[in-house]
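Here's the letter readout for the chains.
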Amino acid sequence: MTGDRTERRRWGIPAAARPFYPVFALAVVHAIAFLAGRGIDGAWLSAWAAATAATSLMFAMRRTPQTPAGKVDRETWRWFGLAAMAWSAGAAVQAISRIVFSRSAVAVSPADLFFLIALGTMTAGFVMPIGLPRSARPWLRYLADTYVCACALFVVAWVAVFDRLYRMSGEGWAQFLIELRYPLLDALLVCGLLPMAVGALRGHRRSAMVAYCALVVLTAADVLYVVGRLNGRGPYGTTADLAHLAGLLLLGAAPWVLRGGHGEVTRRRLVGPGLAPSATAAAAAIFVAGHTLTGAHGLRPVVPIIAGSAVLVVLARLGELVHDNDRLRHAARTSEKHFRALTESINDVVVICGLDGVVEYVSAGAQPSYHYTAEDLLGRSVTDVIHPEDLPKVVAAVRRLFRENNDEVARLACRVRAADGTWLPTECTICRYGSSGGGSADRLLVTVRDFSEQAALQRQVTHLTFHDGLTGLPNRAYFEERAREVVDRSQGTVAVIFVDLDGFTAVNDSIGHAGGDQVLAQAARRLRAGVLADDTVARWGSDEFAVLVENATEVQTVVDLGERIVRMLAGEPYRVGDRSIVLTASVGVAFTEDGIGGLELIRNADVALSRAKDLGGGRVEVFAAKMHADVVRRLELGGELQRALTEQQFTVEFQPVVELGTSRVTGVEALVRWWRDGEFVPPEEFIGTAEESGLMIPLGNWVLREACCQVARWRASGWDIGLSINLRPREIAAPRFVESVATALDDSGLCPKMLTLEVEEEVLVDGGDELIARLSALRDLGVRLAIDDFGTGYASLAFLRQLPVDVIKIDPSFVAGLGRDETLTLLTRTIVRVGRDLGLSVVAEGIERPEQLELLKEMGCPRGQGFLVARPMAAQGVEALVRTNPRGEASIPLHGSALSAG
């Protein structure tokens, strides 16, 4: 493989040409045989070489891919291949003609038609890759230059060779011109096709030049052939035949020197021959002058005629060039005027300077932007106003422009000093610029745009991106980034303090969000004033703030700072108009530990803050690993709850409620139980998590449906019993809670008055008008309402008349003190009496000792429940309890002992 690449690199012939190596070798063998014994006719040798070239070109055309660039190659090889075919046919016809005419010299034969076709198709191969002009002016220039070049070649050839041959032949002009038909036509093609070969696409130029060289060699062969005929040496000169062979084989090799990998597909425009006509004409003039001075025979009239016509064409071209020069000079002056007018009308500063940096021109834009006049800058070096730190990259950009010798534009940002000494951010565009005399680009054109306003806007956007618009403090994104940086580079202790205003939601609800914003702004000012200047204070979100203590030398110092923040935020009321608002604050503190980053430190502080709020707020909590474990456990528990609800791992147990006087079971309270993989999970471990995760609503709906269906079946079997279900705040706040209760009653067939929904006393007092409206809608359905855990201090006895309830359930803490605490006994007696006077049913919860049962009976409490009466049990247990009753009634015998219940 390496050898192949080396070979291709050395000779420029790809591996695709290998199938033609034997063909080329065979052509060389024929040439050697021709030289050795002249056993092969030169015409047959030319036919064979042309056929070989045609095969090579057609194969190259077939191998060329169908790409935009490949289409140009295919057209070129097709026309060259047709030319080789025509040449082969012409050579074969010429050889046959010689045999027929016994090798006599034939001036004109049918072979000439094929040769003319070959020259025409070869010309088409050169023209195809070139974009031909559509206007007449470029064509006239091209034809004039081609004519001058051809005339010069003719004059040189006539003086050197053909003049002597013309005298020797003794033929007339017409016959002699017929003999010169191929040299004259070849000379025109050589002069006319040179611009097309030179102007070929970059990837095609090498193969085009090889084909052009083949044309030159064939032209030389035709000249040698004509010279041989006119000298009387026969038409089969060895040199002419070998030249034909070399030219045709060179044409066949043209595709295989194509430089691969180019992507340029746009056809180039036709260009003039450049210096070729002038150089050829000068050489012809020198040659003719030398011929005249040496005393040779006088020139034939054809030479002055041809030379004179060429001179006339040259003069016409000079006139046209002078006209173009004037037009270009006028266009340059007009462009200069337009350039000056443009530079004076734009806000950017345009500077023209030399390679040494000395300013030669400066536009009027320097005055308003940088307060420089033109006189202040002309003659000075631009390096005087470029910031020293930016000067090296400016110099490097200029050197790169001239070192690579390209016309690209360098764009870079740098700082420029204004007249008052301030450094202004700018964007500079630097490009090469022509000299005043129209020579090469030896100057620099610099466009300077003032970016001060954009930079200020960018700073403002950056500030808004990383700062809170209300308090002016850094925002969450800035705080997180700052915490990462400080923790990564700090060698000491770093602490994060999270602060939350307790009860701030009520502030927004009571005085509106505008008033809440005023409270937050005041809290931010107090917080900023209470910490050190090096500490970072940020608004984390809503009513939460965060403090980053970078140099926490002692743990107790940071804890003291947290306690000071609590006192500072709650010390004085917040003023909103004429109102005073008192708030407390909760604080969570976390310190860096080994192996934790900035984000983990922030998370730990947030966990500590949640712990402080769970404990009632208005306090400081320091993060401990157990807190994070509890949070993780709650999250995991939430996922398990979701799976348990899907897999129906929950069950419903019922705790009987009895009439204390008769022991009759009047109802049951439905309680949810969770058996996780056969293991019982206490309700207090998952009820709170279910509320936080939003699963309390579907779980509560499931319990409601199951309990209603079970109690409805019991009532259908003749058992007069009611149902009580405890409601959580999230369940009542659900959008379609009332509809879900109505649906459960309709589906189960349970009478609405047999359903009692228990609501905690705190929820009734703080629920607001919306909750009262929902509870009223439930009562309209016929459902009874009960206050659960009554007596815990949230509602006064007088408030009972305003609440839409039917039942009050005495809190177990009161029942637990019966017979032991006189105050609790008195309060319990008062609740029973007030309930009776208000017409409310009273139920005592948590009856666990016989003396509690006796005192409740003595007080006249109508109903009760507890472990002494009966523990919670499955539906089958309740049914078994009823079946074991001797009277077949739903009653539980109470002996003053804990039986029994269960």
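Above this note sits the structure.
### Regarding the sheet that holds strand 3 (residues 349-354)
Taken together, the 5 strands give an open sheet; going across it, the order is 4-3-7-6-5, and neighbouring strands pair in antiparallel fashion. Taken across any chain shown, the strands that pair with only one partner, and hence form the sheet edges, are strand 4 (359-362) and strand 5 (410-417). Across the sheet, the mean angle separating the axes of adjacent strands is 30° when strand polarity is ignored. Strand direction decides the pairing type here: strand 6 (residues 423-433) and strand 7 (residues 443-450), joined by 8 bridges, are antiparallel. What sits directly across from Cys 431, in strand 7, is Leu 445. Its contacts with the sheet place helix 15 (residues 391-403) against strand 5, strand 6 and strand 7, and it is angled at close to 145° to strand 5.

### Considering the side chain of Asn 604
When you line up the elements, Asn 604 lands in helix 20 (residues 598-614). Look at Asn 604 and you get buried, because its relative accessible area is 2%. Here Arg 603 takes part through its side chain, which lies 3.1 Å from a polar atom of the side chain of Asn 604. The contact partners of Asn 604, leaving out residues within four places of it in the chain, are Ala 590, Ile 596 and Phe 623.

### A short note on the nonpolar core
Formed by 74 residues in total, the largest nonpolar core has its most connected members in Phe 654, Phe 686, Leu 723 and Leu 757. Those residues within four positions of Leu 723 in sequence are excluded, and the remaining contacts are Phe 654, Val 668, Ala 670, Ala 707, Cys 708, Val 711, Leu 750, Met 754, Leu 755 and Thr 756. Core analysis: the second largest hydrophobic core is formed by 43 residues, Ala 118, Tyr 182, Met 196 and Ala 211 among them.

### Considering the packing of aromatic side chains
Within this structure, the stated rule accounts for 7 aromatic pairs. With a centroid separation of 5.2 Å and an interplanar angle of 65°, the aromatic rings of Phe 654 and Trp 714 are classed as edge-to-face. Residue Phe 654 is found in strand 15 (residues 650-659), and its partner Trp 714 is found in helix 23 (residues 696-716); the two are separated by 60 residues along the sequence. You'll find Phe 654 and Trp 714 in the same group, each marked buried. Each ring, one from Trp 714 and one from Trp 719, has its centre 5.1 Å from the other, and the planes form 45°; the classification is tilted. On the basis of relative accessibility, which here comes to 3%, the residue Trp 714 falls in the buried class. Trp 719 gets classed as buried once you look at its relative accessible area, which sits at 9%. Connected via pairs of aromatic rings, a cluster forms that spans Phe 479, Phe 498 and Trp 540. The residue whose ring lies beneath Arg 526 is Tyr 574, and the NZ or CZ to ring-centre distance is 4.0 Å.

### Quick word on a nonpolar patch on the surface
On the surface, Trp 44, Ile 96 and Ile 99 cluster together into a nonpolar patch covering about 300 Å² of accessible area. Along the polypeptide, Ile 99 turns up in helix 4 (residues 68-100). Given the relative accessible area of 54%, Ile 99 is considered exposed.

### Considering unusual backbone geometry
Look at Ser 542: it is not a glycine, yet its phi comes out positive at around 50°. Relative to the elements of secondary structure, Ser 542 occurs in the loop between strand 9 (536-541) and strand 10 (544-549). The phi dihedral of Ser 663 falls on the positive side, at around 65°, and the residue is not glycine.

### As for the state of the cysteines
In this structure the tally under the stated criterion is 0 disulfides. Of all cysteine sulfurs, the one in Cys 709 lies closest to Cys 708, which takes part in no disulfide; the gap is 7.0 Å.

### Some details on the pairing of strand 6
Remark: a regular strand shows side chains that alternate across the two faces of the sheet. Two strands pair when backbone bridges link them, and strand 5 and strand 6 are joined in this way by 8 bridges, in the antiparallel orientation. Bridge pairing in strand 6 links Cys 414 to Thr 426. A loop of 5 residues connects strand 5 with strand 6, the two strands running antiparallel in sequence, and Gly 421 in this loop sits at a positive phi of about 95°.

### A look at the packing of helix 5 (residues 111-127) against helix 8 (residues 181-198)
Contact geometry of helix 5 with helix 8 gives a least axis separation of 10 Å together with a crossing angle of 10°. Compared by their axis directions, helix 5 and helix 8 come out roughly parallel. Touching Asp 112, Phe 115, Leu 116, Leu 119, Thr 123, Phe 126 and Val 127 of helix 5 are Arg 181, Tyr 182, Leu 185, Asp 186, Leu 189, Leu 193, Met 196 and Ala 197, all from helix 8.

How each quantity is defined
Residues numbered from 1 in each chain as written. Predicted model: local features only at pLDDT ≥ 70, side-chain atom pairs only at ≥ 80, totals over all residues. Heavy atoms only, no water. Pairing = 2+ DSSP bridges. Helix = DSSP H or I, 4+ residues; strand = E, 2+ residues; numbered from the N terminus. Axes fitted to C-alpha atoms, helices over the stretch in contact; angles between N-to-C directions. Contact = heavy atoms within 4.5 Å. Buried < 20%, exposed > 50% of the residue type's maximum accessible area, 1.4 Å probe, protein only. Polar contact = N/O pair within 3.5 Å; in protein donor to acceptor, adjacent residues only side chain to side chain. Core = buried A, V, L, I, M, F, W, Y, C linked by side-chain atoms within 4.5 Å. Phe/Tyr/Trp six-rings, centres within 6.5 Å; stacked < 30°, edge-to-face > 60°. Lys NZ or Arg CZ within 6 Å of the ring centre and 35° of its normal. Patch = residues over 30% accessible without salt bridge, like charges linked within 9 Å, V, L, I, M, F, W, Y side chains within 5 Å. Areas by Shrake-Rupley, 256 points an atom, 1.4 Å probe, with all protein chains shown as cover. Salt bridge = Lys/Arg side-chain N within 4 Å of Asp/Glu carboxyl O. Disulfide = S-S within 2.5 Å. Parallel < 35°, antiparallel > 145°, perpendicular 65-115°, else oblique.

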